[in-house]
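Spelled out from the first residue to the last, the chains are:
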Protein chains: 2
Amino acid sequence: MHADQLLNNTMVSWMEAEKGPVSDIVVSSRIRLARNLSRFPFPHLLTSENGRECLKQIKEAWEKSENGELATLELITLDELNPLQRQILVEKHLISPLHAASSDDYRGVLVNGDGSLAIMINEEDHIRIQCLLPGLQVGECYSKAQAVDDELEKNLNFAFDETRGYLTSCPTNVGTGMRASVMLHLPAVAISGLANRIFQNISQFGMTVRGLYGEGSEVIGNFFQLSNQVTLGQSEEDIVTHLTSVATQIVEQERVMRTRLESEMKYQLEDRVGRAFGILTNARIITSSEAIALLSDLRLGVDIGMISGIKTSALNELVVGMSPAHLQQKAGQEMDGYNRDLVRAQVIQETLRGEDDTGELTTDEQ
Amino acid sequence: MHADQLLNNTMVSWMEAEKGPVSDIVVSSRIRLARNLSRFPFPHLLTSENGRECLKQIKEAWEKSENGELATLELITLDELNPLQRQILVEKHLISPLHAASSDDYRGVLVNGDGSLAIMINEEDHIRIQCLLPGLQVGECYSKAQAVDDELEKNLNFAFDETRGYLTSCPTNVGTGMRASVMLHLPAVAISGLANRIFQNISQFGMTVRGLYGEGSEVIGNFFQLSNQVTLGQSEEDIVTHLTSVATQIVEQERVMRTRLESEMKYQLEDRVGRAFGILTNARIITSSEAIALLSDLRLGVDIGMISGIKTSALNELVVGMSPAHLQQKAGQEMDGYNRDLVRAQVIQETLRGEDDTGELTTDEQ
């Protein structure tokens, strides 16, 4: 049931900007806890046989759990999904690209209906608990992830070292096993040329900046993922507080720059936002990277009140909905890049013009 | 009266595409006859005193004339107009940039109310009769200009040499003193990369190609002005027939390329036209050269029926109406380039969105 919902609808919890604080600038907050079972080798060394056993133990622990959150989850194993479906979960940020590359029956994800809680099983670690919420809610994500962690730990023996903390497949996660991150939309900081300076400062505070799809992804559309780099020697609470504090400072800088742009470059800003809207609502062929860059400009217009009638949540949904796997799912067929660019333009037009999206999607069959 | 009308309204005869044949490709046709009075030095050697005498004789000949066309003209001398007003006549193609540079009281223009007939007085030659009509009407232009020429010659003694024909200030005009031209809009030929090849061939036939504002102007927006280069050794009728024939062949090539683009690059064409429309109707700041390039794309969409609700004549009017002098006249103030770009974007939006253009034009006064 959750699988159907998550595969066929685009909207998930983190896109609901109206439900998150500061969501004109902070798209989403995320906590990820990495845990491993002490009796099993790390996932990359698992055989099918002990992989299945590992999954079985995790599943049993989940089923035994009385925690309300855990009870809302459903298990999807990767062999139940085709590559396109797995990619849809990646585009929604519910599983990692690494996880999507596998179709093993002992790997999977425990996920709730709105995607706010997802537990990857046998990805890089045996268990990766992810809580993902709209706006600036790092503390809330941590509380939720921690409750799930506590509940699972009642019935599982996690690999833990008194000195080093939780043991993980990759040494950069040893300690808390925690990665806390926020996705920031910083167009005014970027337009003003301040992004590099800000992010150089940030690295001195044990933080790192990545693109829209996490590690190894480029920054596009002025979306910056800010996360903690250190997992050892800091408590979970310190990491949450620290990240929230740095994010709040950056949000303030973005606000200052937005106000400055509005007063000093009013017409240039209107021009930029207007052109983005004009191209997005009239192009017939559009690549993903061009569309994200233009949607970033449009979002700025929406968030500062220059454009009305479009919701931030609709733009969050659109960025994901126009991604390759979502487009192909919607069109009901595999498509090459050119046909995706055609269908993407149609999906964007329908969304932004507020038209019914019941029409047929036209691909170039000639 | 004519001056008021020509200065305050943008539309003149040649813009009325609906009234000219082949006007989806041929914007306008023009005949210009250069004549000089035998008793006076060429204009660049005129003193104020004999300049005034020269004007007086031309004026008397005009007033005596019984030709219907001549009776519809009114005389405007250049000292009656400020530089902005003279530039407005240049932008409408009614006088030349050279003429607009002068404010001498012995130079001027005899012009009718719709701008289809204009006689420059004491520009490069004493008399330059211009007939300018929409679409492919070179023959019609010539008939009209010739009738005016015949009528004036009854009361004026034109400098004429039995061997060489009409004498002119610049030797390239000696003979017929005639320049015949057509303004062609050739986006499909240009997109297909055929323009250079076509125009190289044309120069072998005694033709030359220029930009939107004639000699010395660059080709922008895929508008090409095709004219005869030779004025000596060919009859007026030959020149007219020859130009019409070459123009007709180019029109055919443009039609072939439009059909090919529509069938082979349908979506790319829709994308190009759509983006042009989207930017033009949403930009807040736009330069003249960007706007002309986009209006060229939009015009193609209108002319092949891809865009409805916009007339070709409205686009002809807009190209002139968004030119610097017209913009400043409309705004009622002198404006720098940046403010012109702001007001241009507003004028384009009003025209293409079909809104009332009664609103205030906003410039950046900060």
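Residues numbered from 1 in each chain as written. Chains lettered and ligands numbered in written order. Predicted model: local features only at pLDDT ≥ 70, side-chain atom pairs only at ≥ 80, totals over all residues. Heavy atoms only, no water.

**Overview of the relation of the copies chain A and chain B**
Moving on, step 1. Take chain A, turn it by 180 degrees, move it 0.0 Å along the axis, and it overlays chain B with an RMSD of 0.0 Å. Both copies are brought into coincidence by an operation consistent with a two-fold rotation axis. No C-alpha of chain A lies nearer the rotation axis than that of Gly278 of chain A, which sits 1.9 Å from it.
Moving on, step 2. Of the interface residues in chain A, 100% have counterparts in chain B that sit at the interface too, so the contact is made through matching surfaces. (Least-squares fit on C-alpha atoms with pLDDT ≥ 70 in both. Contact = heavy atoms within 4.5 Å.)

**Some details on the interface of chain A and chain B**
Moving on, step 1. With 23 residues of chain A in contact, the opposing surface of chain B contributes 23 residues.
Moving on, step 2. Interface of chain A and chain B: buried area, both sides summed, is about 1800 Å²; carbon and sulfur atoms make up 51% of it.
Moving on, step 3. Among the residues of chain A in contact with chain B, Tyr267, Arg275 and Arg284 of chain A are the three that bury the most area, contributing 36% of the side total.
Moving on, step 4. Scanning the region where chain A abuts chain B turns up four salt bridges.
Moving on, step 5. Put simply, Arg284 of chain B and Glu270 of chain A hold a salt bridge, and the shortest N to O gap is 2.7 Å.
Moving on, step 6. Where chain A packs against chain B, one counts 10 residue pairs in polar contact (both at pLDDT 80 or more).
Moving on, step 7. The set of elements that each furnish at least two residues to the side of chain A that touches chain B consists of α9 (236-264), α10 (266-280) and α14 (337-353) of chain A.
Moving on, step 8. Along the lines of polarity and charge, the residues of the side of chain A that touches chain B split into eight nonpolar, eight polar and seven charged. (Buried area = accessible area lost by both parts, 1.4 Å probe. Salt bridge = Lys/Arg side-chain N within 4 Å of Asp/Glu carboxyl O. Polar contact = N/O pair within 3.5 Å; in protein donor to acceptor, adjacent residues only side chain to side chain. Helix = DSSP H or I, 4+ residues; strand = E, 2+ residues; numbered from the N terminus. Nonpolar A, V, L, I, M, F, W, Y, C, P; charged D, E, K, R; others polar.)

**Digging into the domain arrangement of chain A**
How big an interface is tends to be reported as the loss of accessible area on association of its parts.
All names here are of chain A.
Moving on, step 1. As far as domains go, chain A holds domain 1 (2-256) and domain 2 (265-361).
Moving on, step 2. Relative placement of domain 1 and domain 2: their C-alpha centres are 27 Å apart.
Moving on, step 3. On the domain 2 side, the residues contacting the 26 residues of domain 1 number 21 residues.
Moving on, step 4. The junction of domain 1 with domain 2 conceals about 2100 Å² of combined surface from both sides, 64% of it contributed by carbon and sulfur atoms.
Moving on, step 5. Of all residues in domain 1, the largest losses of buried area upon contact with domain 2 belong to Leu84, Glu91 and Ile191, amounting jointly to 24% of the total for that side.
Moving on, step 6. Here domain 1 and domain 2 share zero salt bridges between them.
Moving on, step 7. Counting the contacts that link domain 1 with domain 2 gives 10 residue pairs in polar contact (both at pLDDT 80 or more).
Moving on, step 8. Taken together, the elements giving at least two residues each to the side of domain 1 that touches domain 2 come down to α1 (2-8), α4 (83-91) and α7 (187-191).
Moving on, step 9. For the side of domain 1 that touches domain 2, the element with the highest residue contribution is α4, accounting for four residues.
Moving on, step 10. Within the side of domain 1 that touches domain 2, the residues separate by chemical class into 14 nonpolar, seven polar and five charged. (Domains from an automatic or database assignment.)

**A word on the pattern of salt bridges**
Moving on, step 1. Following the criterion strictly, the structure yields 40 salt bridges over all chains and no others.
Moving on, step 2. A salt bridge links Arg128 of chain A to Glu124 of chain A; the shortest N-O distance between them is 3.2 Å.
Moving on, step 3. Residue classification places Arg128 of chain A among the buried residues on the basis of a relative accessible area of 7%.
Moving on, step 4. With its nearest N and O atoms 3.0 Å apart, the salt bridge here joins Asp297 of chain B to Arg272 of chain B. With Asp297 of chain B in helix α11 (residues 288-303) and Arg272 of chain B in helix α10 (residues 266-280), this pair connects stretches of sequence that are 25 residues apart.
Moving on, step 5. Three or more residues are tied together by salt bridges with common partners; here these are Glu123, Glu124, Asp125 and Arg128 of chain A. (Buried < 20%, exposed > 50% of the residue type's maximum accessible area, 1.4 Å probe, protein only.)

**A few points about the environment of Leu73 of chain B**
All names here are of chain B.
Moving on, step 1. Relative to the helices and strands, Leu73 resides in the loop between α3 (68-71) and β2 (74-77).
Moving on, step 2. Judged by its relative accessible area of 4%, Leu73 is buried.
Moving on, step 3. Contacts of Leu73, omitting those with residues within four sequence positions, involve His2, Trp62, Leu110, Val111, Asn112, Leu117 and Ile119.

**Some words on the pairing of strand β1 (residues 26-35) of chain B**
Two faces, one strand: in a regular strand the side chains alternate between the faces of the sheet.
Residue and element names in this part refer to chain B.
Moving on, step 1. Most of β1 is tucked away, with 10 of its 10 residues classed as buried.
Moving on, step 2. Both β1 and strand β8 (residues 178-185) contribute to a ladder of seven bridges, which runs antiparallel. Bridge assignment links Arg30 to a residue of β8, and that residue is Ser181.
Moving on, step 3. In this structure, β1 lies alongside strand β5 (residues 127-134), joined through eight bridges in antiparallel fashion. The residue of β5 that forms the bridge with Ser29 is Leu133. (Pairing = 2+ DSSP bridges.)

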